[in-house]
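# Examination of the molecular architecture
Chain residues, written in single-letter form:
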Amino acid sequence: MKFKSLLAAILLVLATNLAAQAQENTKKYYATDYEKNPVWIDMMRDPSPNFDETVKAFREFWKDRILPEEPMEKANGTDNFELAVGLEKENETAEERAAERREKDEKLANQTGNEINYADEVRAFKGWFYYAQQWLKKDGTVMTMQEQQAIINKQQAELKQIENQNGNR
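Residues numbered from 1 in each chain as written. Predicted model: local features only at pLDDT ≥ 70, side-chain atom pairs only at ≥ 80, totals over all residues. Heavy atoms only, no water.

## Focus: helix H7 (residues 119–132)
Heads up, the rule is: Think of it this way: any DSSP run of H or I at least four residues long counts as a helix, any run of E at least two long counts as a strand, and we number them from the N terminus. Every helix has an expected span of 1.5 Å times one less than the residues it contains. Residue exposure (1.4 Å probe, protein chains only): buried if accessible area is under 20% of the type maximum, exposed if over 50%, otherwise partly exposed.
Here H7 spans 20 Å end to end across 14 residues, near enough to the 20 Å set by a 1.5 Å rise per residue. By the burial criterion, the buried members of H7 are Val122, Phe125, Lys126, Trp128, Phe129 and Ala132.

## As for the pattern of salt bridges
Stated formally: Any carboxyl oxygen of Asp or Glu that lies within 4 Å of a side-chain nitrogen of Lys or Arg is treated as forming a salt bridge with it.
One pass over the structure, following the stated rule, counts four salt bridges. Between Arg123 and Asp120 there is a salt bridge, and its shortest N-O distance comes to 3.0 Å. In this pair, Arg123 and Asp120 are both assigned in helix H7, three residues apart and thus about one turn of the helix distant. For Lys137, the salt bridge identified is with Glu147, shortest N-O distance 3.1 Å. Of this pair, Lys137 sits in the loop between H7 and helix H8 (145–167) while Glu147 sits in helix H8; the two residues are ten residues apart in sequence, bridging distant segments of the chain. Exposure remark for Lys137: the relative accessible area of 31% places this residue in the partly exposed category. You can call Glu147 partly exposed: its relative accessible area is 30%. The network of salt bridges with shared partners includes Glu35, Glu60 and Lys63.

## Remarks on the packing of aromatic side chains
The criterion, for reference: Only the six-membered ring of Trp is used, alongside the rings of Phe and Tyr, when aromatic pairs are assigned; centres must lie within 6.5 Å, and planes under 30 degrees apart are stacked while those over 60 apart are edge-to-face, with the rest tilted.
Following the criterion strictly, the structure yields 16 aromatic pairs and no others. With a centroid separation of 6.1 Å and 90° between ring planes, the pair formed by Trp62 and Tyr118 is classed as edge-to-face. On the criterion of sequence distance, the pair formed by Trp62 in helix H3 (residues 51–62) and Tyr118 in the loop between helix H6 (94–109) and H7 is long-range, its members being 56 residues apart. Put simply, the rings of Trp40, Phe51, Phe58, Phe61, Trp62, Tyr118, Phe125, Trp128, Phe129 and Tyr130 pair up and form one aromatic cluster.

Listed below in structure tokens is the structure:
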């Protein structure tokens with residue numbers, strides 16, 4: 001009798017944990033939160049995020065804020081990230097970008113100072129942005145690690161097969 005009670009308790013705990021994990025994996029993000037909250041951070045950490053929606057959330061959050069800069073990238077003129085995510089216009093001049101930055105600076109000066117510096121998160125997002133572009137499905141979601149590994153394994157098997165065929169000639 002004690003065994004059945006213990007087994008029932010364990011099964012209840014397992015079922016509760018599974019339900020919580022399933023609910024966590026289907027977390028909903030609302031476009032109304034994009035501008036005010038950094039939901040793009042959670043979205044990029046999602047196991048199978050929608051790439052376009054995550055980039056949209058990032059863009060909406062940063063459109064009225066100053067994006068933390070990587071000093072060496074701007075100095076070398078190699079940073080096209082802001083253009084890629086839609087924070088800069090393609091034909092925008094340096095003067096227009098400077099005027100927009102001054103406008104953002106003025107807005108920030110009027111805030112309470114409670115703004116968090118998201119430099120580490122932005123750096124992580126940049127890495128995720130460039131990496132995820134390589135693994136997009138047709139519906140805009142990013143392939144899971146298992147799907148990525150399956151493709152890599154298939155390519156490696158094909159290469160070995162080609163090597164074996166070339167070696168036998």
